[in-house]
Amino acid sequence: MAKSVEEILANVDLYAEDQRENLLAAAAAARIRSPIPHTGADGGYHVLTRYEDVRTVCADPERFSSGQPSIRGVPVRVIPIDTDPPLHREYRKILNPYFARNFLLRYEPQMREIARVAVASFVDKGACEVVQDFAVPFSAGSLARIVFATENQDLVARGVAAAKQAALTSSPESFQALAGLAMEALAEVEESGADTVLRALVTATVDGRPLTVEERLGMVTTLFLGGLDTTRGVIANIACHLATRPDVEPILRRPGGWQRELEEFLRYETTVAFMARTAVHDTEVGGVPMKEGDRIAVLFAAANRDPVWFERPDELVFDRPNVPHLAFGFGIHRCLGLHFARIQLAIAFEELLARTTNFRLAGGAEVPRQVGLSLNSPHRLDVVFDALA
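Below is a summary of the structure that appears in this document. (Residues numbered from 1 in each chain as written. Predicted model: local features only at pLDDT ≥ 70, side-chain atom pairs only at ≥ 80, totals over all residues. Heavy atoms only, no water.)

### A look at the environment of valine 384
One can find valine 384 in strand β12 (residues 382–387). The spatial distance from the C-alpha of valine 384 to the C-alpha of leucine 361 is 6.2 Å, given a sequence separation of 23 residues. Residues in contact with valine 384, not counting those within four places in the same chain, are Gly126, Ala127, Asn358, Phe359, Arg360, Leu361 and Ala362. (Helix = DSSP H or I, 4+ residues; strand = E, 2+ residues; numbered from the N terminus. Contact = heavy atoms within 4.5 Å.)

Okay, structure coming up:
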């Protein structure tokens, strides 16, 4: 049974499933009463609910370290997310060119083909389960082809299969399988001159030395952790609105794109709801004193509903001007894959709507909506639609 706002504020637990349903309502109440509540969960941490506080902490790595970017810790390296300056800058310099928009667009034909194959698998049925039938195969397939960018089609096929499994289960075993394939791919690209992200990891240096195996695997792990669940979640959430709001399909079909509306979807459906920082020394945020070592939950989802910045924050407002949302984070750790995400989302719905129309929930079923990194999107989204010729 879902906890009430008052029960949540008595002891916030960002991982508790019974708090997810009313978490954003609790954050809204906290902004009025005590904007930075402290909880005893998971050893204790401060929770940032205001937009300005979130930006302040994310913009100041000298005071707030990303060395442990999860409240409960991360069992493997997730480079460069778990890295502070100056090394963070060196890692991003290696990866940034491969996630620039112009570089990623060279993969657009492959991504469109992945989307078309996925749609073709269910279009004649007039129904699909959006997450497993479309969001997972498209997002996992796209990411695997860009990371495992090789002419070895067997390796690519195995990479796609492993990425799909990781996207579906998020199990340690599935990511171990991806790591094994990454090692195989890294060994292969040492013999190749192709300009790919894996080739860059093999040839790059930091502080005058080659990357270690741990660093290379940490970067590959980050690419998959950061790219699988997030894009899948946004696709599923937009599809949910497509199936429940008649004004969404015309927007997604608008000639010239729906960039502004996409930014509003991203604000409203903040896929990575929170990350963690650690106070480097005694300091304060928003007037609240913090001691060296204090843990801080940066609640992006709450910041994106702050009424100081967003009028009617709990509504999806498509004509909202200049949306400065924090769905991709802020500061030096702003999401590496933000261009990739935007490209994928545009392709996904262009190809989906090229073959389908008139989406609605199957049987009028209610869809569970939850806030959180791995449970932001519906577990299932069963829809029906009309097929286009």
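### Here we look at the environment of valine 213
Among the secondary structure elements, valine 213 is positioned in helix α12 (residues 213–244). Through-space distance from the C-alpha of valine 213 to that of leucine 201 is 9.6 Å; in sequence the pair is twelve residues apart.

### What to know about the side chain of histidine 325
In this fold, histidine 325 is placed in the loop between α15 (300–303) and α16 (338–355). Side chain to side chain, histidine 325 and glutamate 263 meet in a polar contact 2.6 Å long. In terms of polar contacts, histidine 325 uses its side chain to reach the backbone amide nitrogen of alanine 327, at 3.1 Å. Setting aside its immediate chain neighbours within four residues, histidine 325 contacts Glu263, Leu266, Arg267, Asn304, Phe310 and Arg342. (Polar contact = N/O pair within 3.5 Å; in protein donor to acceptor, adjacent residues only side chain to side chain.)

### Some remarks on the pattern of salt bridges
Going through the model one piece at a time under the given rule, you end up with 23 salt bridges. Of the charged contacts in the structure, one is a salt bridge between arginine 72 and aspartate 42, with a shortest N-O distance of 3.0 Å. Here arginine 72, found in the loop between β3 (64–65) and α5 (87–95), pairs with aspartate 42, found in the loop between β1 (38–39) and β2 (45–48); they are 30 residues apart in sequence, far enough to count as distant. When its relative accessible area of 36% is taken as the criterion, aspartate 42 is described as partly exposed. Salt bridges sharing partners connect three or more residues here, namely Glu108, Arg112, Arg116, Glu350 and Glu351. (Salt bridge = Lys/Arg side-chain N within 4 Å of Asp/Glu carboxyl O. Buried < 20%, exposed > 50% of the residue type's maximum accessible area, 1.4 Å probe, protein only.)

### Considering the sheet that holds strand β11 (residues 356–361)
Spatial strand order, β4-β12-β11: three strands in an open sheet with antiparallel pairing. A single partner strand is all that each edge strand has here, and the edge strands are β4 (127–129) and β11. Pairwise comparison of adjacent strand axes, ignoring direction, gives a mean angle of 30° for this sheet. Of the strand pairs in this sheet, β4 and β12 are connected by three bridges, and their pairing is antiparallel. Across the sheet, glutamate 129 pairs through a bridge with aspartate 382, a residue of β12. Sitting on the sheet, helix α8 (residues 130–147) is in contact with β4 and β12, with an inclination near 70° to β4. (Pairing = 2+ DSSP bridges. Axes fitted to C-alpha atoms, helices over the stretch in contact; angles between N-to-C directions.)

### Overview of the side chain of arginine 295
The residue arginine 295 is located in strand β10 (residues 295–299) in this model. Put simply, arginine 295 is tucked away with no salt bridge, and the nearest opposite charge, on aspartate 294, sits 9.2 Å away. A distance of 2.5 Å separates a polar atom in the side chain of arginine 295 from the backbone oxygen of serine 70. In this structure the side chain of arginine 295 is engaged in a polar contact, spanning 2.7 Å, whose partner is the side chain of threonine 278. Here arginine 295 is in contact with Gly44, Tyr45, His46, Gln68, Ser70, Ile71, Ala276, Arg277 and Thr278, once residues within four sequence places are set aside. (Lys, Arg positive; Asp, Glu negative; His and termini not counted.)

### Concerning the packing of helix α10 (residues 172–189) against α12
The description of two packed helices rests on the angle between their axes and on the distance between the axes. Where α10 meets α12, the axes come as close as 10 Å, and the angle between the chain directions of the two elements is 125°. As judged from the angle between their axes, α10 and α12 are oblique. For the pair α10 and α12, the sense of crossing is right-handed. Along the contact surface, α10 presents Phe175, Leu178, Ala179, Ala182, Met183 and Leu186, while α12 presents Val213, Arg216, Leu217, Val220, Phe224 and Leu225. For the contact of α10 with α12, the residue count by class is eleven nonpolar, no polar and one charged. (Parallel < 35°, antiparallel > 145°, perpendicular 65-115°, else oblique. Left-handed = near helix turned anticlockwise from the far one by under 90°. Nonpolar A, V, L, I, M, F, W, Y, C, P; charged D, E, K, R; others polar.)

### Regarding the packing of α12 against helix α14 (residues 259–268)
The interhelical angle for the contact between α12 and α14, taken along N-to-C directions, is 105°, at an axis separation of 11 Å. Taken together, the axes of α12 and α14 lie roughly perpendicular to each other. Contact residues: Val234, Ile238 and His241 in α12; Leu262, Phe265, Leu266 and Tyr268 in α14. Along the lines of polarity and charge, the residues of the contact of α12 with α14 split into six nonpolar, one polar and no charged.

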